[in-house]
Amino acid sequence: MKTLDALFAQVRAEDRAALIGYLPAGYPTVAESKELLAAMLDGGCDLVEVGVPYSDPVMDGPTIQAAADTALRNGFRLRETFDVVQSVTDHGGHAVVMTYWNPVHHYGVDAFARDLIAAGGHGLITPDLIPDEAEEWLDVSEKHALDRIFLVAPSSSEERIARTVKASSGFVYATAVMGVTGARESVGAGAAELVRRTRAHTELPIGVGLGVRSGEQAAEVASFADAVIVGSAFVTAAKEGAGAVRALAEELAGGVRRKSGHATVAP
Amino acid sequence: MTERQRNPHDPDERGHFGPYGGRFMPEALIGALDELAAEYDKAQRDPAFVEEFTRLLRDYANRPSLLTEAPRFAEHAGGARIFLKREDLNHTGSHKINNVLGQALLTKRMGKKRVIAETGAGQHGVATATACALMGLECTVYMGQVDTERQALNVARMNLLGAEVIPVKTGSRTLKDAINEALRDWVTNVDTTHYLLGTAAGAHPFPMMVRNFHTVIGEETRRQILEKAGRLPDAVAACVGGGSNAIGIFHGFIDDPDVRLVGFEPGGHGIASGEHGATLSEGTPGVLHGARSYLLQDDDGQTIEAYSISAGLDYPGVGPEHAWLKDTGRAEYRSVTDDEAMDAFQLLSRTEGIIPAIESAHALAGALVLGRELGQDGLIVVNLSGRGDKDMDTAAKHFGYVEDS
Ligand SMILES: Cc1ncc(COP(=O)(O)O)c(C=O)c1O
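Because the structure is a prediction, the values reported are computed rather than measured.

1. Considerations on the overall build of chain B
No. 1: When you go through chain B residue by residue, the secondary structure sums to 15 helices and 14 strands.
No. 2: Computed over its C-alpha atoms, the radius of gyration of chain B comes to 19 Å, within 12% of the 22 Å expected for a compact globule of 405 residues.
No. 3: If one aligns the C-alpha atoms of chain B with their principal axes, the spans along those axes are about 55 × 55 × 45 Å.
No. 4: The buried share of chain B, taken over its 405 residues, is 64%.
No. 5: Pairs at least 24 apart in sequence give 74% of the contacts found in chain B among residues at least 6 apart.
No. 6: Carbon together with sulfur atoms contributes 49% to the accessible area of chain B, which is approximately 14,100 Å² in total.
No. 7: Of the charged side chains in chain B, 40 are positive and 57 negative, and the gap between their average positions amounts to 5 Å.

2. Description of the overall build of chain A
No. 1: Within chain A, the regular secondary structure consists of 12 helices and nine strands.
No. 2: Relative to a compact globule of 267 residues, whose C-alpha radius of gyration would be 18 Å, chain A shows 17 Å and is just as compact.
No. 3: Overall, the C-alpha framework of chain A stretches about 45 × 40 × 35 Å when taken along its three principal axes.
No. 4: Residues counted as buried form 63% of the 267 residues belonging to chain A.
No. 5: Taking all contacts inside chain A whose residues are at least 6 apart in sequence as the whole, residues at least 24 apart take part in 73%.
No. 6: For chain A, the exposed area adds up to about 9,500 Å²; of that, 49% sits on carbon and sulfur atoms.
No. 7: Side chains of chain A give 23 positive and 35 negative charges; the mean places of these two sets differ by 2 Å.

3. Notes on the pairing of strand S7 (residues 172-175) of chain A
Residue and element names in this part refer to chain A.
No. 1: The side-chain alternation of S7 yields two buried faces, one formed by Val-172 and Ala-174 and the other by Tyr-173 and Thr-175.
No. 2: Relative to S7, strand S6 (residues 151-152) runs parallel, the two sharing two bridges. Paired with Val-152 across the two strands is Ala-174, which belongs to S7.
No. 3: With respect to chirality, the unit in which S6 leads through helix H8 (residues 158-167) into the neighbouring parallel S7 is right-handed.
No. 4: Bridging between S7 and strand S8 (residues 206-209) involves four bridges; their strand directions are parallel. Residue pairing in the sheet places Ala-174 in a bridge with Val-208 of S8.

4. What about unusual backbone geometry?
No. 1: With omega at -10 degrees, the peptide bond leading from A:Tyr27 into A:Pro28 counts as cis.
No. 2: The omega torsion of the bond from B:Arg63 to B:Pro64 falls at -5 degrees, within 30 degrees of zero and hence cis.
No. 3: Assignment of secondary structure puts B:Pro64 in the loop between helix H2 (47-59) and strand S3 (67-69).
No. 4: A positive phi angle, near 80 degrees, is found at B:Asn62, a position not held by glycine.

5. A word on the pattern of salt bridges
Oppositely charged side chains can pair when the atoms bearing their charge come close.
No. 1: A complete count under the given rule lists 47 salt bridges over all chains for this structure.
No. 2: With a closest N to O distance of 3.0 Å, A:Glu142 and A:Arg148 form a salt bridge.
No. 3: Its relative accessible area of 55% is what places A:Glu142 among the exposed residues.
No. 4: Two residues, B:Asp234 and B:Arg231, come together in a salt bridge whose shortest N-O distance is 3.1 Å.
No. 5: For B:Asp234, a relative accessible area of 21% gives the class partly exposed.
No. 6: The network of salt bridges with shared partners includes A:Asp132, A:Glu159, A:Arg160, A:Arg163 and B:Glu27.

6. Focus: the confidence of the model for chain A
No. 1: For chain A, the average pLDDT comes to 93, and 94% of its residues sit at 70 or higher.
No. 2: pLDDT under 50 marks residues 261-267 of chain A. Its contacts with residues more than four places away, or in other chains, come to 12 contacts.

7. Describing the interface of chain B and chain A
No. 1: Each partner contributes to the interface: chain B provides 35 residues, whereas chain A provides 34 residues.
No. 2: Of the roughly 2,800 Å² buried between chain B and chain A, counting both surfaces, carbon and sulfur atoms make up 48%.
No. 3: On the chain B side of the contact with chain A, B:Glu27, B:Arg184 and B:Asp300 bury the most area, a combined 25% of that side's loss.
No. 4: Inspection of the chain B/chain A interface yields three salt bridges.
No. 5: B:Asp300 serves as the salt-bridge partner of A:Arg77, at 2.7 Å between the closest nitrogen and oxygen.
No. 6: At the surface where chain B touches chain A, the tally comes to 23 residue pairs in polar contact (both at pLDDT 80 or more).
No. 7: At the level of elements, helix H1 (27-44), helix H8 (175-189), strand S11 (284-288) and strand S12 (291-295) of chain B are the ones that each hand at least two residues to the side of chain B that touches chain A.
No. 8: Here the side of chain B that touches chain A gets seven residues from one element, more than from any other, and that element is H8(B).

8. Focus: the state of the cysteines
No. 1: One pass over the full model with this rule turns up zero disulfides over all chains.
No. 2: Cysteine B:Cys139 is unpaired, with the sulfur of B:Cys132 as its nearest cysteine sulfur at 4.0 Å.

9. Looking at the packing of aromatic side chains
Residues and elements named next belong to chain B.
No. 1: Scanning the entire structure with this criterion turns up 14 aromatic pairs over all chains.
No. 2: Among the aromatic side chains, those forming a connected cluster through ring pairs are Tyr-40, Phe-49, Phe-53 and Phe-213.
No. 3: In this structure, Lys-326 is placed above the aromatic ring of Tyr-294, and the distance from its NZ or CZ to the ring centre is 5.5 Å.

10. Description of the sheet that holds strand S7 (residues 164-168) of chain B
By definition, the strands of a sheet pair up through backbone hydrogen bonds, in either a parallel or an antiparallel sense.
Residue and element names in this part refer to chain B.
No. 1: Read from one edge of the open sheet, four strands run S7-S6-S5-S8, paired in parallel fashion. Across the chains shown, the open sheet's two edge strands, defined by having one partner strand only, are S7 and strand S8 (193-195). Direction aside, the axes of adjacent strands within the sheet are offset by 25 degrees on average.
No. 2: One ladder, built from six bridges, connects strand S5 (residues 114-119) with strand S6 (residues 138-144); its direction is parallel. Across the sheet, residue Arg-114 finds its bridge partner in S6, namely Glu-138.

11. Observations concerning helix H2 (residues 30-43) of chain A
No. 1: Here H2(A) contains 14 residues, and its C-alpha end-to-end distance of 20 Å stays within 8% of the 20 Å for a straight helix at 1.5 Å per residue.
No. 2: Where H2(A) ends, the next residue or the one after it, A:Gly44, has phi of about 120 degrees, a positive value.

12. Let's talk about the packing of helix H10 (residues 215-222) of chain A against helix H12 (residues 242-258) of chain A
Residues and elements named next belong to chain A.
No. 1: The contact between H10 and H12 brings their axes to 7 Å, and the two run at 30 degrees. Read as a crossing pair, H10 and H12 show a hand that is right-handed. Facing H10, whose interface residues are Gly-215, Glu-216, Ala-218, Ala-219 and Ala-222, H12 presents Glu-251, Leu-252, Gly-255, Val-256 and Arg-258.
No. 2: Of the residues in the contact of H10 with H12, the class split is five nonpolar, two polar and three charged.

13. A word on the site of the ligand
Residue and element names in this part refer to chain B.
No. 1: If you check the shell around the ligand, you find 18 residues, and the closest are Thr-199, Gly-241, Gly-243, Ser-244 and Ser-385.
No. 2: One nitrogen or oxygen atom from the side chain of Asn-245 is found 2.8 Å from an oxygen atom belonging to the ligand.
No. 3: In isolation the ligand offers 390 Å² of accessible surface; the protein chains occlude 97% of this area.
No. 4: For the shell around the ligand, the residue count by class is five nonpolar, 11 polar and two charged.

14. Some thoughts on the environment of A:Arg148
All names here are of chain A.
No. 1: Following the sequence through the fold, Arg-148 ends up in strand S5 (residues 147-149).
No. 2: Sequence-wise, Arg-148 and Ala-134 are 14 residues apart; in three dimensions their C-alpha atoms are separated by 10.0 Å.
No. 3: With sequence-adjacent residues up to four places away left out, Arg-148 is seen in contact with Leu-124, Trp-137, Leu-138, Ser-141, Glu-142, Ala-167, Ser-168, Ser-169 and Phe-171.
No. 4: At 2.7 Å, the side chain of Arg-148 and the side chain of Ser-141 are in polar contact.
No. 5: Here the side chain of Arg-148 touches Glu-142 through a polar contact of 3.0 Å, side chain to side chain.

What counts as what
Every residue gets a number counted from 1 within its own chain, in the order that chain's sequence is written. Lettering for chains starts from A, numbering for ligands starts from 1, and both go in the order in which the items are written. The predicted origin of the model limits local features to residues at a pLDDT of at least 70 and limits the giving and counting of side-chain atom pairs to 80 or more, whereas totals for whole chains, interfaces and linings rest on all residues. Derived side-chain values reflect all non-hydrogen atoms in the structure, with water molecules and hydrogen atoms excluded from consideration. Every helix listed is a DSSP run of H or I at least four residues long, and every strand listed is a run of E at least two residues long, numbered separately from the N terminus. As a reference, a globule follows 2.2 Å times the number of residues to the power 0.38, and the radius of gyration itself is taken over C-alpha atoms. Per-residue accessibility, obtained with a 1.4 Å probe over protein chains only, is compared with the maximum for each type, and a residue is labelled buried under 20%, exposed over 50%, and partly exposed between these values. Whether two residues touch is decided by their heavy atoms; if any such pair falls within 4.5 Å, the residues are in contact. Only the protein chains shown count as covering a residue, and every accessible area follows the Shrake-Rupley method with a 1.4 Å probe. His is not counted here, nor are the chain ends, while Lys and Arg score as positive and Asp and Glu score as negative. We put the charge of a Lys on NZ, of an Arg on CZ, of an Asp on CG and of a Glu on CD. When DSSP locates at least two bridges between a pair of strands, those strands are taken to pair. Seen with its strands pointing away from the viewer, a crossover is right-handed when the path leading from the first strand over the helix to the second is clockwise. For this document, the term salt bridge refers to a Lys or Arg side-chain nitrogen within 4 Å of an Asp or Glu carboxyl oxygen. Scored from 0 to 100, pLDDT reflects the predictor's confidence in each residue. Take the accessible area each of two parts loses on contact, using a 1.4 Å probe, and add the two losses: that sum is the buried area. Polar contacts, as counted here, are pairs of nitrogen or oxygen atoms within 3.5 Å of one another; within protein the pair requires one atom able to donate a hydrogen and one able to accept it, and residues that are adjacent in sequence qualify only if both atoms are side-chain atoms. Disulfide: a pair of cysteine sulfur atoms within 2.5 Å of each other. Only the six-membered ring of Trp is used, alongside the rings of Phe and Tyr, when aromatic pairs are assigned; centres must lie within 6.5 Å, and planes under 30 degrees apart are stacked while those over 60 apart are edge-to-face, with the rest tilted. In this scheme, Lys NZ or Arg CZ marks a charge over a ring once it lies within 6 Å of the ring centre and within 35 degrees of the ring normal. Throughout, an axis means a line fitted to C-alpha atoms (over the contacting stretch in the case of helices), and angles, computed between N-to-C directions, take values from 0 to 180 degrees. What a helix is expected to span follows from its residue count: subtract one and scale by 1.5 Å. Note on convention: near helix rotated counterclockwise from far helix by under a right angle means a left-handed crossing. Clockwise means right-handed. Gly counts as polar in this scheme, as do all residues outside two lists: the nonpolar Ala, Val, Leu, Ile, Met, Phe, Trp, Tyr, Cys and Pro, and the charged Asp, Glu, Lys and Arg. Consider each residue's heavy atoms; a residue with any of them within 4 Å of a molecule or strand counts as near.

Spelled out as structure tokens, the structure:
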């Protein structure tokens, strides 16, 4: 069994949702990003997404854009992604890498996969790569036994959801709302509906992202999803340091164990 | 005719020109791209749509545009004859109106009420604001803050036409970042909004569709040059930003193997300076804004900011069909520096009384070189993609007509 399958099986056995936290590698510096990710793990994240800072992050709102910009201006180099993943592995945690496609394309898909495996990473989340264009990545990920986390959106047709989950492994990333990343007041009932539609096509765990920032929201999402994905809120917390990141992770980890949202989110 | 005749130069079903093109886009936008592709496919087979588009081009945009010989300018080109395809005489002053009218009609067919667009020089923004005023659509234009300053006159025009102009303050604050911001808006408002992309780049179906709305340039040019010169040209020259005016005129001649298709990219301060936008000449294959094509990128696949004196050409990507035409050898791509373009800009103004857009001046500078290579019997058509009124500020500073502030 691949690692992510085992991880989600264990979370399921505990009758709760998983907590997945995102932070960009190299933000604000490579060394500090390792500390921040460690704090995320210490606070109770089951899995971390190590983001690759990219010059043209079209799926990201102002918070993550600014963080990527800071990382790049502080001299972040792509190969340092693997150092950061290694630090997560060394800390006893689990990491996947979230990246726009061009850095991987340019590095070489096979080389990227090899270096990711060597650092203990489990797979890639690819926000601007759809299975239709992923031929090479499908082959390479198969060869290296890496997980491929593709995204589904509220606008995805049934046919596209079916095709996307078929190409996915590890888990499926459901973007809760139409829009870019950023913490939001409410996650919206659309998320539950998207999870329901996706569930009809797959046994894979479904993670919901875009907008979650509090323990209460995490509990709400945990009531219908297998994993709660938190990004911008962690980036905002990171500005205050590792303590704030750890505190947020603890709050969210409490949330995914509460499932108090059952009644408030109608599917 | 029930099936539109397949153009042998069309991409495959999924928008690939050889290894280029495709859809490297968030899943959230794939539904909208599918809807657009389906609507465009239906529209181009619908005589009512084709007729309405043709009528607007003729009665609103002033097509066909003239083909004007430029003999006094050509004296500086080794004696070759040079003709100018006068896209500058179109309503709103550039070729951009062709594509905009087509996509605005599609927006209405799709029942969408809001249009967003990116703009560099402001020409595409002005054309979009114009079509939206004509058709009663709400219009928001994203424009890099650097460009809102370089092209202040066009910002005022867009405002007058009722469009909202949003200065983009991220990244290089030019065209590339305006596209990023427009994509973020689109993914948030895709139900109600059409993204009216201004060049033959981006995800499928944009490169093919934008090209097809501009092929009228090449079709007219071919007819006109045969009439005026009695033969096909030796070379067709066009400037290349994202590639729309070039692909439009190239397609009139793409099946004439003896006609050289030459695209001129912005060489900025010179290739050696590293400050340029010569994507096809100097870039490598990569993925940006939804398609695989040539790209200016660093060792880590981060986009390198392009530079050009011309706000409409400083884009680090290029449409995927140009990448394919380069690799297959059907078209050639060269670069022209700021200074060479500005010299041609002034030369055309003083020899022919035509002030070109600085973008188009890159093609003119290229034609001067091509003419000297071709010699006495050479025959060249230049796509004069736009007029230069918008560039007076830049020109006045460049030539020292006013104090550089
Ligand atoms: C007059 C003119 N020519 C050319 C261009 C470059 O665009 P493209 O390469 O799509 O023709 C622009 C873009 O703003 C323009 O305004």
